[in-house]
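Each chain is listed here by its residues.
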Amino acid sequence: PPYKAILNDTMITRDNLFFDFNQVIDLANETKMFILSSEAGTGKTETFRHLTIKIKKKFPMHWVSYIDLKNHLELYNKNEYLLNIEIFLEKILSINQENKFERKIFSKFYNSNRLILLWNGFDEIAPNYNEFIVNVLKLIQKNTKNIQYICTRPFYVQQLRENLHISIISFLKIN
């Protein structure tokens, strides 16, 4: 079905959005944070997956990870991770804690600001986990220049915008 997208109050068609991922990537690279927002069934997750591929091609010397937030619920009650976000990311990215070489490589990417995280499904985790995830996003944003993309439904956009001060793309169905 046809969709329109709004990028910070500027209307774009869905097709243009698919052909102009570079505009999205450049904006996220500049601001270090980006939200893709729309209602269920409008193609957010599929667009996010395509975006991940485009980012990997554009930044081959970066660590690029697509993270489905609903797959890591067991980690969200452990507030000690807020004291060391790097360890939290190692857990969520399934980095082998016993493999010092793998951990060192990840740490190098993280500390040199060559980490790009695509957080999918902020709207699909229980509301009691939202604050923890927002705090993780804020800590990464505040303490690094690593780039973060977030995919969610419009209900959570205002909360994320207020906490993170970021650019937003929203898909709208054309009737």
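Rules used in this analysis
Residues numbered from 1 in each chain as written. Predicted model: local features only at pLDDT ≥ 70, side-chain atom pairs only at ≥ 80, totals over all residues. Heavy atoms only, no water. Core = buried A, V, L, I, M, F, W, Y, C linked by side-chain atoms within 4.5 Å. Buried < 20%, exposed > 50% of the residue type's maximum accessible area, 1.4 Å probe, protein only. Helix = DSSP H or I, 4+ residues; strand = E, 2+ residues; numbered from the N terminus. Contact = heavy atoms within 4.5 Å. Arc of directions from axis to C-beta. Phe/Tyr/Trp six-rings, centres within 6.5 Å; stacked < 30°, edge-to-face > 60°.

What to know about the nonpolar core
When a protein is soluble and globular, its nonpolar side chains tend to lie buried together.
Alright, step 1. The biggest cluster of nonpolar side chains holds 35 residues, and the ones touching the most others in it are Tyr 76, Phe 88, Leu 89, Ile 92, Trp 119 and Ile 150.
Alright, step 2. Here the element with the most residues in this core is helix H6 (residues 127-143); it accounts for 7 residues.
Alright, step 3. Setting aside anything within four residues of it in sequence, one finds Ile 150 in contact with Met 33, Phe 34, Ile 35, Leu 36, Phe 48, Trp 119, Phe 122, Leu 137, Leu 160, Leu 164 and Ile 166.
Alright, step 4. Formed by 17 residues, the second largest nonpolar core is a distinct cluster that contains Ile 25, Phe 59, Ile 147 and Cys 151.

With respect to unusual backbone geometry
Alright, step 1. Phi is positive for Lys 32, which is not a glycine, with a value near 70 degrees.
Alright, step 2. On the secondary structure map, Lys 32 appears in the loop between helix H2 (21-31) and strand E3 (33-37).
Alright, step 3. Looking at Lys 32, the relative accessible area reads 24%, which means it is partly exposed.

Digging into helix H7 (residues 157-164)
Alright, step 1. Listed in full, the buried residues belonging to H7 are Val 157, Leu 160 and Leu 164. With its buried residues spanning 70 degrees around the axis, H7 presents them on a single face.

A short note on the packing of aromatic side chains
Alright, step 1. Under the definition given, this model contains 10 aromatic pairs.
Alright, step 2. Geometrically, the ring pair formed by Trp 63 and Phe 106 is edge-to-face, given 5.1 Å between the ring centres and 80 degrees between the ring planes. Taken together, the residues span a long stretch of sequence, with Trp 63 in strand E4 (residues 63-68) and Phe 106 in helix H5 (residues 100-111) at a distance of 43 residues. The residues Trp 63 and Phe 106 share a single accessibility class, namely buried.
Alright, step 3. Ring-pair connections join several aromatic residues into one group, and the members of that group are Trp 63, Phe 106, Phe 109 and Tyr 110.

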